[in-house]
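Residue-level listing of the chains:
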Amino acid sequence: MRTLLTNFRNFAFSGSLIDLAVGLAIGAAFATVVESLVGDVILPLVAAIFGEPNFDALVLTVNGAEIRYGSFLTALVSFLLLALTIMLIVQAIRRATGRETAGAQGNRECDHCKSFIPVDAAVCMFCTRDVDPIVS
C-alpha cells in the first residue's frame, strides 16, 4: 500500500502532469475569452451587416419531421468565426513576440544509432553524435 501511495505521489506531482494541468486551465480560460469575443462582438457585427443574428428560424419540414438546418448554419458560422479569430490572435501573438514560425515538428532516424530524433536536431540525443538538421 505504501508503494502505491509513493507511486501515485510521484505521478501526481511530476512536472509534466503539473504543466499539463496549468496548460489545460489556461486553455479553458482562453477559450472562454475567444468564445465571448466571437459571440458578443463578432456575431452581432455579422448580424448588423446581414440583418440576422442567427439562422435558427430556418426549418424544413419533410413528412411531418422538422429539419432545423438553420441551427446547423448558425453553429457552422459560429465555428468558422471562432476558428478565424483564433488564427488571427495566434498570428498577432507570433508577430508581437517575434516568433513567426514554431520549431519544426516531426522525427527522423539518426544516421548513426537509428534512434528517432527531431528533424531540426543538430546532435543526436541518444548517441550524442553530430547530425545534419533537415530543417534549420
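Counting restarts for each chain, with residues numbered from 1 along the sequence as it is written. Whole-chain, interface and lining totals are the exception, using all residues; otherwise, since this is a predicted model, local features are given only for residues with pLDDT of at least 70 and side-chain atom pairs are given and counted only at 80 or more. Note that the side-chain values use all heavy atoms of the structure and ignore hydrogens as well as water.

Student: Please explain the state of the cysteines as it appears in this structure.
Tutor: Here, the term disulfide refers to a pair of cysteine sulfur atoms separated by no more than 2.5 Å. Per the counting criterion, the structure on display carries 0 disulfides. Note on cysteine 113: no disulfide assigned, nearest cysteine sulfur contributed by cysteine 124 at a separation of 3.6 Å.

Student: Would you explain the nonpolar core in this entry?
Tutor: The nonpolar side chains of a soluble globular protein tend to be buried, and buried together. Throughout, nonpolar core names a set of buried Ala, Val, Leu, Ile, Met, Phe, Trp, Tyr and Cys residues whose side chains join them through atoms within 4.5 Å. Three labels apply to residues, based on accessible area from a 1.4 Å probe with only protein chains included: buried if under 20% of the type maximum, exposed if over 50%, partly exposed otherwise in between. Formed by Cys110, Ile117, Ala121, Cys124 and Val131, the largest nonpolar core amounts to 5 residues. By the convention used here, residues are in contact when the closest approach between their heavy atoms is within 4.5 Å. Beyond its immediate chain neighbours, meaning those up to four positions away, valine 131 contacts Arg108, Cys110, His112, Ile117, Ala121, Ala122, Val123 and Cys124.

Student: Explanation requested: a nonpolar patch on the surface in the structure shown.
Tutor: Patch building starts from residues that exceed 30% relative accessible area and form no salt bridge, then joins like charges within 9 Å and nonpolar side chains (Val, Leu, Ile, Met, Phe, Trp, Tyr) within 5 Å. To be clear on the numbers: accessible area is Shrake-Rupley with a 1.4 Å probe, and residue cover counts the displayed protein chains and nothing else. Here, a salt bridge means any Lys or Arg side-chain nitrogen found within 4 Å of an Asp or Glu carboxyl oxygen. Where nonpolar side chains cluster on the molecular surface, the patch consists of Phe55, Leu58, Leu60, Val62, Ile67 and Tyr69 and spans about 480 Å² of accessible area. The helix and strand labels rest on DSSP assignments: H or I over at least four residues marks a helix, E over at least two residues marks a strand, and numbering proceeds from the N terminus. For leucine 58, the location among the structural elements is in the loop between helix 2 (15–50) and strand 1 (60–62).

Student: Looking at this structure, I do not really get a negative patch on the surface. What am I missing?
Tutor: A contiguous patch of negative charge on the surface is contributed by Glu109, Asp111, Asp130 and Asp132. With respect to the helices and strands, the residue aspartate 111 is situated in the loop between strand 3 (107–109) and strand 4 (116–118). Charge assignment in this entry is limited to Lys and Arg as positive and Asp and Glu as negative, and neither His nor the chain termini are counted. Here the site of a charge means atom NZ of a Lys, CZ of an Arg, CG of an Asp or CD of a Glu.

Student: Would you mind showing me how to read the environment of valine 62 here?
Tutor: Note on placement: valine 62 falls in strand 1. Along the primary structure valine 62 and glutamine 91 are separated by 29 residues, whereas in three dimensions their C-alpha atoms are 45 Å apart.

Student: What should I look at first to understand the environment of alanine 29 in this one?
Tutor: Residue placement: alanine 29 occurs in helix 2. Under the relative-accessibility criterion, alanine 29 is labelled partly exposed at 45%. In sequence terms alanine 29 and aspartate 132 are 103 residues apart; their C-alpha atoms lie 41 Å from each other.

Student: Explain unusual backbone geometry here, please?
Tutor: Across residues other than glycine, the phi torsion is negative in most instances, and most of the peptide bonds are trans. A positive phi angle is found at lysine 114, which is not glycine, with a value near 65 degrees. Looking at the element boundaries, lysine 114 is found in the loop between strand 3 and strand 4. Even without being a glycine, threonine 128 presents a positive backbone phi close to 60 degrees. Relative to the helices and strands, threonine 128 is located in the segment after strand 4.

Student: Explain helix 3 (residues 69–97) here, please?
Tutor: The first and last C-alpha atoms of helix 3 sit 42 Å apart over 29 residues, in line with the 42 Å expected at 1.5 Å per residue. Listed in full, the buried residues belonging to helix 3 are Gly70, Thr74, Leu81 and Thr85. By this rule, a helix spans an expected 1.5 Å times one less than how many residues it contains.

Student: Sorry if this is basic, but what is going on with the side chain of threonine 85 here?
Tutor: Tracing the backbone shows threonine 85 in helix 3. Judged by its relative accessible area of 8%, threonine 85 is buried. Within 3.5 Å is the distance limit for a polar contact, defined as a pair of N or O atoms, with the added protein rule that one can donate a hydrogen and the other accept it, and that residues adjacent in sequence qualify only through two side-chain atoms. Looking at threonine 85, its side chain comes within polar contact range of the main-chain oxygen of leucine 81, at 2.7 Å.

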